[in-house]
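Each chain is listed here by its residues.
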Amino acid sequence: MGTDLPLSIGAWLIAILPMLLMMLMLVVLQWSAVKAALISLIIGLITGIFYFKLPLYGLFVSLGQGAWDTIEIIMVIWTALLFYQVCKHAGAFEAIKEGITNKSTNHLYLILMFGWVFASLLQGVSGFGAPIAIVAPLLVGIGVKPAFAVIIALTSTAWSNLFGSLGIAWSTTLGLVNIENEALTLLYTTILLFVSDIIGGFFVAWIYGRWQAIKEGLPIILTISVIHGLGQILVAQFNTEMAAVLPAILAMGAMILFARIDFYQEPSEEITVTNSPIMQDDFDNDDGGEENTGKLTINQAFVPFYLLIAISLIMLGIPSIANYIEQFQISLLSYDNFSTGYNFVTEGSQAYSPIAPLTSPGFYLLISSIAAWLWYRHHGSYQDKENLGKQVTQGVVDDAITPTLTTLLFLMLSQLLVNSGQNAVIAMGIASVSSPIVYAGLSPWIGTFSSFMTSSTTSGNILFVPIHNSVVQSMPQLSLNQMIANQSAASSVGNCIGPSNVVLGASTAKAEDQTGVIYKWGIIYTVLVNIAFTVIAIIMHLFFPH
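Please read these numbers as outputs of a predicted model, since none were measured by experiment.

Trainee: A description of a nonpolar patch on the surface should follow, citing residues and the corresponding values.
Mentor: Together, Ile437, Val438, Leu442, Trp445, Val527, Ile531, Val535, Ile539, Leu542, Phe543 and Phe544 make up a nonpolar patch on the protein surface, roughly 940 Å² of accessible area in all. Contributing elements (two or more residues each) for the nonpolar patch: helix H16 (436–454) and helix H20 (515–543). The biggest single contributor to the nonpolar patch is H20, with six residues. Counting through the fold element by element, Leu442 comes out in helix H16.

Shown next as structure tokens:
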């Protein structure tokens, strides 16, 4: 890489120290995300400046980059929470709860329907944490404990993160490295994501009712995972923008058909609210939600959700429209080249990471929020409610402050670790002591680490795809197609433990004091998936080397 970065075990441990301590604080000590992020940032500042010799100019640039990268994410956080508050005060979630429990009282079906299938559809068109903010309250509304509502929404959408937001993460990845055989890379990637989706379906069923739930949900899990996984494999070869959306739409249709089966209309005789570890004991009682004063039907309550999906598909899914609105970009950050004391160079930029506001999911969430307000008011859902605007505004502010601060601190830390060379030391340190087969097996874990650190599949690939490319150049036995696939699929999965996603879901589900529980189960899922990815990566390396 043309640098003098230290690759000793001591340097490697110092480089990874901020992230290790962050995990300790979040999972073991169960400190608040803001506190853990702030302390980790301070540690990263110390290691970056005093050990990796990051100049002060580089320090200020890194903090500025992190702050700028936060803007697009918080645009989605605040508008997703606005959408949530508008729907909540209209009694829309209560209407949805009433509607779906009239059609089915089988909790496993309802959880798979909304936590897996509907959340994946929202991820396909919006992404950036919005499906978590929207679906977690829906799950709470049907009786799921808040922390587990967040866990289900996070892990169930892992398969669709890479091609979510109409494929933005994949299109960004293509600009980072020259992939000679994109079709083959897509095949490897989507096979891995297929595996993550299968595990996700079984994982959700298992946490709901252990082996009995897996037995009862097996037809749904196998059918939906095949539609999701095989559908994404096929569609990605022709249109990556629709690779997650089209299978998710077909899966919604399949779930509607499953609702007609008598078995999935009635409660399970074996798994009840009282013996499921993730259900609230008072599920059948009044849960204190907003009254459905407008007497909304389930379809009337879902109209703003339909609108969100429709306008996202039209504006971002039609190339001519998407290309036109993408021209309107904003970039206020520029900086010169700088290097650390170890000659690790960060290239300057005259327009760092431009934001295209008209392509942001936040823009469509804002439009949908305004439309939802007008639609629900038309149906009388806000009648007799005083100071409604103040209540909605206060609710958004209260819920948004923590995820906003957490995202800001984590992304500042992320850029600091990148520009000081600490990320490069972590990856190159692993590569320097690894044989090609070992590195192939470890590459998914690097991918998961990258999106955990950035709370973004896109950002995770931006950070580590170039490093994998450098490793492949030094280890010609490795396949670049496979390394990109391992990184991308694992980054998609690792996004489910991204701090800003966890905190956002915890805010809307009212589980702010249970982030440790969310991380615990999220890590269990990512470890299970990465073990499978490692096995597949080694098999691919041995039997399909190029």
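Trainee: Break down the packing of helix H7 (residues 146–156) against helix H19 (residues 499–509) for me, with residues and values.
Mentor: Interhelical geometry of H7 versus H19 gives an angle of 135° and a closest axis separation of 9 Å. As judged from the angle between their axes, H7 and H19 are oblique. Crossing handedness for the pair H7 and H19: right-handed. The segment H7 lies against H19, with Pro146, Val150 and Leu154 engaging Asn501, Val502, Gly505, Ala506 and Ala509. Across the contact of H7 with H19, the residue classes tally to six nonpolar, two polar and no charged.

Trainee: Could you give an account of the pattern of salt bridges, with specific residues and numbers?
Mentor: In the structure shown here, the tally under the stated rule is one salt bridge. Residue Lys510 pairs with Asp399 through a salt bridge whose shortest N-O separation is 3.0 Å. Of this pair, Lys510 sits in the loop between H19 and H20 while Asp399 sits in helix H14 (residues 388–419), placing them 111 residues apart in sequence. We classify Lys510 as partly exposed; its relative accessible area is 43%. The class for Asp399 is buried, based on a relative accessible area of 3%.

Trainee: Lay out unusual backbone geometry with the relevant residues and their values.
Mentor: Even without a glycine there, the phi angle at Ser353 is positive, about 40°. One can find Ser353 in the loop between strand S2 (345–346) and helix H13 (361–378). The phi angle at Lys510 is positive, at roughly 60°, despite the residue not being glycine.

Trainee: So what's going on with empty space enclosed by the protein? Which residues, and what values?
Mentor: Enumeration over the complete set of coordinates arrives at four cavities of 30 Å³ or more. Lining of the largest cavity is provided by Phe93, Ile96, Lys97, Ile100, Phe114, Pro137, Leu138, Leu139, Gly141 and Ile142. Of all the secondary-structure elements, those providing two or more residues to the lining of the largest cavity are helix H4 (92–103) and helix H6 (130–141). Each residue belonging to the lining of the largest cavity can be placed in one class, and the counts come to eight nonpolar, one polar and one charged.

Calculation notes
Residues numbered from 1 in each chain as written. Predicted model: local features only at pLDDT ≥ 70, side-chain atom pairs only at ≥ 80, totals over all residues. Heavy atoms only, no water. Patch = residues over 30% accessible without salt bridge, like charges linked within 9 Å, V, L, I, M, F, W, Y side chains within 5 Å. Areas by Shrake-Rupley, 256 points an atom, 1.4 Å probe, with all protein chains shown as cover. Salt bridge = Lys/Arg side-chain N within 4 Å of Asp/Glu carboxyl O. Helix = DSSP H or I, 4+ residues; strand = E, 2+ residues; numbered from the N terminus. Axes fitted to C-alpha atoms, helices over the stretch in contact; angles between N-to-C directions. Parallel < 35°, antiparallel > 145°, perpendicular 65-115°, else oblique. Left-handed = near helix turned anticlockwise from the far one by under 90°. Contact = heavy atoms within 4.5 Å. Nonpolar A, V, L, I, M, F, W, Y, C, P; charged D, E, K, R; others polar. Buried < 20%, exposed > 50% of the residue type's maximum accessible area, 1.4 Å probe, protein only. 1 Å grid on protein atoms, 1.4 Å probe; cavity = no way out; pocket = protein on both sides within 12 Å on 5 of 7 lines; lining within 4 Å. Points joined across faces, edges and corners; volume = space filled by probe spheres on them.

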